[in-house]
Amino acid sequence: MGSGLSTQNMASSVTTPFINNIFPINDVGIVNSSYYTSVGMTLASITAVTQAIKHREKITKALFQDFPMYILTEHRSAVVTIFGLPLSLLWDCALKVRASYIQFFKCAPHLHDARVRIIQQQVKNRKHKNAPLCTARPGWASVSLSYRNYKKKWNAIEMPLYDILDIDTERHIVRVEPFVSIGQLTRTLNPMGYTLPVVPEMDDLTVGGLINGTGIESSSHKYGLFHEIITELELLLGDGRVITATADNEYSDLFHAVPWSYGTLALLLSAKLKLIPCKSYVKLTYTPHHSKESYIEHMRQLSGEENANNGKNIPMFVEGLAFSLDTAVVMSGDFVDETNVPRGAVNRLSLWWKPWFYTHVRSMLTNAKGEKNTKCTVEYIPLRDYYHRHTQSLFWEMEFMIPIGNNVIFRWLLGWLMPPKVSFLKISQTEMTRQLVERTHVAQDFLVPTRKMSDFLDLCDREFDRIYPLWLCLHNHAFMPGSLLKPPVKPGKDGNEMYVDIGVYGLPRCVLEKREEDFDMKRSMRNVFSYLVGIDGFQMLYADVFSTREEFEEMFDHDGYRELRKKYNADRAFKEVYDKMSVIL
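All of these numbers come straight from a predicted model, not from anything done at the bench.

Reading the values: the criteria
- Residues numbered from 1 in each chain as written.
- Predicted model: local features only at pLDDT ≥ 70, side-chain atom pairs only at ≥ 80, totals over all residues.
- Heavy atoms only, no water.
- Helix = DSSP H or I, 4+ residues; strand = E, 2+ residues; numbered from the N terminus.
- Buried < 20%, exposed > 50% of the residue type's maximum accessible area, 1.4 Å probe, protein only.
- Contact = heavy atoms within 4.5 Å.
- Areas by Shrake-Rupley, 256 points an atom, 1.4 Å probe, with all protein chains shown as cover.
- Core = buried A, V, L, I, M, F, W, Y, C linked by side-chain atoms within 4.5 Å.
- Salt bridge = Lys/Arg side-chain N within 4 Å of Asp/Glu carboxyl O.
- Pairing = 2+ DSSP bridges.
- Axes fitted to C-alpha atoms, helices over the stretch in contact; angles between N-to-C directions.
- pLDDT = per-residue confidence, 0-100.
- Phe/Tyr/Trp six-rings, centres within 6.5 Å; stacked < 30°, edge-to-face > 60°.
- Lys NZ or Arg CZ within 6 Å of the ring centre and 35° of its normal.
- Parallel < 35°, antiparallel > 145°, perpendicular 65-115°, else oblique.
- Left-handed = near helix turned anticlockwise from the far one by under 90°.
- Nonpolar A, V, L, I, M, F, W, Y, C, P; charged D, E, K, R; others polar.
- Patch = residues over 30% accessible without salt bridge, like charges linked within 9 Å, V, L, I, M, F, W, Y side chains within 5 Å.
- Polar contact = N/O pair within 3.5 Å; in protein donor to acceptor, adjacent residues only side chain to side chain.

**Q** Just checking my understanding: could you explain the overall build of the protein for this structure?
**A** In terms of regular secondary structure, the protein is built from 23 helices and 17 strands. A total of 585 residues make up the protein; the buried ones form 50% of that total. At a minimum sequence separation of 6, the contacts of the protein that also span at least 24 residues come to 75%. With an accessible surface of roughly 28,500 Å², the protein has 56% of that area assigned to carbon and sulfur atoms.

**Q** Just to check I follow, could you spell out the nonpolar core for this structure?
**A** For soluble globular proteins, nonpolar side chains are generally found buried alongside one another. With 147 residues, the main nonpolar core has Leu 196 and Leu 273 as its most contacted residues. Residue contributions to this core peak at six residues, all from strand β16 (residues 497-506). Filtering out sequence-adjacent residues up to four positions away, Leu 196 remains in contact with Val 174, Ile 182, Leu 185, Leu 189, Phe 226, Ile 229, Leu 273, Lys 274, Leu 275, Ile 276 and Tyr 387.

**Q** I would appreciate a short explanation of the pattern of salt bridges in the present structure.
**A** Two side chains with opposite charge may pair up if their charged atoms get near one another. Applying the stated criterion across every chain yields a total of 27 salt bridges. One salt bridge in this structure joins Arg 439 and Glu 516, with 2.9 Å as the shortest N-O distance. Separated by 77 residues along the polypeptide, Arg 439 in helix α16 (residues 431-440) and Glu 516 in the loop between α18 (509-512) and α19 (521-534) bring together distant segments of the chain. Its relative accessible area of 41% is what places Arg 439 among the partly exposed residues. The network of salt bridges with common partners includes Arg 549, Glu 553, Arg 562, Glu 576 and Asp 579.

**Q** Would you take a moment to explain the pairing of strand β6 (residues 230-236) for this structure?
**A** In summary, the side chains of a regular strand alternate between the two faces of the sheet. Along β6, five of the seven residues are buried, which leaves the element largely enclosed by surrounding structure. Sheet analysis places β6 next to strand β8 (residues 267-274), joined by six bridges and oriented antiparallel. Following the sheet pairing, Leu 233 is matched in β8 by Ala 271. Note that β6 and strand β7 (residues 242-245) share four bridges and pair antiparallel.

**Q** Explain the sheet that holds strand β15 (residues 470-477) here, please?
**A** Sheet strands pair via backbone hydrogen bonds, and the direction of the pair is either parallel or antiparallel. Strand order in the open sheet made by the eight strands is β13-β10-β12-β11-β15-β16-β14-β17, with antiparallel pairing throughout. For this open sheet the edge positions go to β13 (377-382) and β17 (538-539), each flanked by a neighbour on one side alone. Note: strand β10 (residues 281-289) against strand β12 (residues 328-336), nine bridges, orientation antiparallel. Across the sheet, Leu 284 pairs through a bridge with Gly 333, a residue of β12. Packed on one face of the sheet, α19 meets β14 (442-449) and β17 and runs near 15 degrees to β14.

**Q** Quick question: what am I supposed to make of the sheet that holds β8 here?
**A** The strand order β3-β4-β8-β6-β7 describes an open sheet built from five strands, whose pairing is antiparallel. The two strands at the open ends of the sheet, each matched to only one other strand, are β3 (164-168) and β7. Each adjacent strand pair in this sheet contributes to an overall mean axis angle of 15 degrees, direction not counted. Each of β3 and β4 (173-176) touches helix α6 (residues 182-189); the most contacted strand, β3, lies at about 40 degrees to it.

**Q** Looking at this structure, how should I read the confidence of the model for the protein?
**A** A low pLDDT score tells you not to read the predicted coordinates there in detail. Looking at the protein as a whole, its pLDDT mean stands at 86, while 84% of the residues score no less than 70. No element of the protein has a lower mean pLDDT than helix α1 (residues 7-22), at 44, and none a higher one than strand β11 (residues 317-322), at 98. Counting contacts from residues 1-19, a segment whose pLDDT is below 50, to residues more than four positions away or on other chains yields two contacts.

**Q** Would you mind going over the pairing of β4 with me for this structure?
**A** Where β3 lies against β4, four bridges are found, and the strand directions are antiparallel. What sits directly across from Ile 167, in β4, is Val 174. Of the pairings in the sheet, the one linking β4 to β8 comprises four bridges and is antiparallel in character. Directly across from Val 176, in β8, lies its bridge partner Ala 271.

**Q** Would you take a moment to explain the packing of aromatic side chains for this structure?
**A** When we look at a pair of aromatic rings, we describe it by the centre distance and by the angle of the planes. Taken as a whole and assessed by the stated rule, the structure comprises 21 aromatic pairs. Where Tyr 162 meets Phe 179, the ring centres are 5.5 Å apart and the plane angle is 35 degrees; that geometry is what we call tilted. A residue pair is termed long-range when its members are at least 10 positions apart, and Tyr 162 in the loop between β2 (155-157) and β3 and Phe 179 in the loop between β4 and α6 qualify at 17 residues. The partly exposed category is assigned to Tyr 162, whose relative accessible area is 39%. With a centroid separation of 5.0 Å and an interplanar angle of 45 degrees, the aromatic rings of Phe 552 and Phe 556 are classed as tilted. Classification of Phe 552 as buried rests on a relative accessible area of 0%. The positively charged end of Arg 389 is found above the aromatic ring belonging to Tyr 386, 4.2 Å away from the centroid.

**Q** Hey, could you run me through the packing of helix α10 (residues 292-303) against helix α17 (residues 453-463) in this one?
**A** Each pair of packed helices gets described by two things: the angle between the helix axes and the distance between those axes. Following both chains from N to C, one finds α10 and α17 inclined at 130 degrees, their axes separated by 10 Å at the closest point. Between α10 and α17, the angle is such that the two are oblique. As α10 packs across α17, the resulting crossing turns out to be right-handed. Residue-level inspection shows Lys 292, Tyr 295, Ile 296 and Met 299 of α10 in contact with α17, the latter providing Met 453, Ser 454, Leu 457 and Asp 458. Among the residues making up the contact of α10 with α17, the classes are represented as five nonpolar, one polar and two charged.

**Q** Even after reading the chapter, I still don't get a nonpolar patch on the surface, so can you show me in this structure?
**A** On the surface, Trp 352, Val 408, Ile 409, Trp 412, Leu 413 and Trp 416 cluster together into a nonpolar patch covering about 660 Å² of accessible area. Along the chain, Trp 352 falls in the loop between β12 and α11 (357-362). Residue Trp 352 is classed as partly exposed on the basis of its relative accessible area of 32%.

**Q** Just to check I follow, could you spell out the packing of α17 against α19 for this structure?
**A** The interhelical angle for the contact between α17 and α19, taken along N-to-C directions, is 170 degrees, at an axis separation of 10 Å. Taken together, the axis directions place α17 and α19 in an arrangement best described as roughly antiparallel. From α17, Asp 455, Phe 456, Leu 459 and Glu 463 reach across to α19, where they touch Arg 523, Ser 524, Asn 527, Val 528, Tyr 531 and Leu 532. Considering only residue class, the contact of α17 with α19 consists of five nonpolar, two polar and three charged.

**Q** Can you help me understand the side chain of Thr 186 in this one?
**A** By the secondary structure assignment, Thr 186 is in helix α6. Of note is the side chain of Thr 186, whose polar atom sits 3.0 Å from the side chain of His 388. Once residues lying within four places of it in the same chain are set aside, the contact partners of Thr 186 are Pro 191, Val 199, Arg 384, Tyr 387 and His 388.

**Q** So what exactly am I meant to see when it comes to the side chain of His 390 here?
**A** Structurally, the position occupied by His 390 is in the loop between α12 (383-387) and α13 (398-401). By relative accessible area, which is 0% here, His 390 ends up buried. Aside from chain neighbours lying at most four places away, what touches His 390 is Glu 201, Met 202, Glu 319, Leu 321, Phe 357, Phe 395 and Trp 471.

The following block contains the structure:
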């Protein structure tokens, strides 16, 4: 008998509230459509979260690796402009403030002695006695575009040596620590009326790098390479001893051999360099040429090689920029006082809105009508502006980093931030861009006897597929006993021979025309290296090396070098030069 409700009615009374909670029904008995929307969105969200959890590694990689790599690779110029330029400026400001503080309080000599003792202890107490020594300065901090990874495996010695220690204007000597930059020296010395006889043009080049490696400038036809202005070296040997080497003391053999040794004989602690008086301006004469023979002959005449370098009528500065195999502008200059500068004849190259120097030089080849120009042009340039004339555009390399960098609008708005530090350029490179640079971008300096200059220019034009401009800088090659550099083969009356540095920086024409497959970097470099050996030339070693060890030793003399390594126990503490190079085979 029961309550009078059927089983069906009872089930209905129980389930209806539950169904209404799950599936909301309106007054006419139809389920609300908004419900389906909310349920769909909920399910989609749950699915998305589930998929995100499932593929979280791929998503993380895409967001934090792939996307940044894409930006750094495909939009590198924007990254350099937005981040590299401001960071470079801040870094420069910090270094200038620090240098001013040290100079004002004159505490650098005292700090130097304390630092040397700490460095000495690092060498003596190094953990891995069998691992070679090197400085701890990271590879990205060097001005060279090459990558050197050996420091990760070796005994890296911290060497915080960044200061100018003493300026002796009576003896014309400046004493500096190895990581003092050329920019520091010109900022300090030029206002005092002094300069180094050889001032390599890039601000960030360091004295240590220029001594252990090499350096050249437009005054090198008179004073030789950078190491020839050294008078004394303070060195830390591999066994922990600190010695002083000069050209005529008991360590004279080491004094002559340290240049080009790349830190494989000893660690450089300080150096004394020659000074010469200078004036506040350079009178610079630009001479356009429209044949290869013409500009080669002009440079050789200016160098003084044909009159045994007697010093008469030889300009202080000589430099050439070749814009094709047959066109070039040769520049010669001398110091002048401000009182001798005509009104309106000054060109202040350092002003941020000025066109890049090489483009200014190129304009000398044609006149206002676009016709060949054969007339000389004379300008008066502030001394420091002249010394760092190639800094703002890193010669012409900035054209590839920031293509719009020489645009007049860019120069007016952002030119004051230029140039970015090479360090930041290297840090911002991805593996893809690094490999691309390695395959296509040439950055090499070749030291060639002027008697072979014409033939070598032909070779560069052919092997590097018309990379221009080329930097042409003369230097007086002298004998260096114990050094890797071989002596002059055909010396003049003074025992020296005139050489020219041919700087090749840029991309081959076929690469610019998107025909990368037509250029083989390894083949071209090996052909050039082989030719260099045959004409008694040398490759500067800041750049990539494409030779085997045996081929390398054909170019550079290792006999005296290895004798010194044994004499000073460097063979136990340091690797050889070839082991420190960026070798690509």
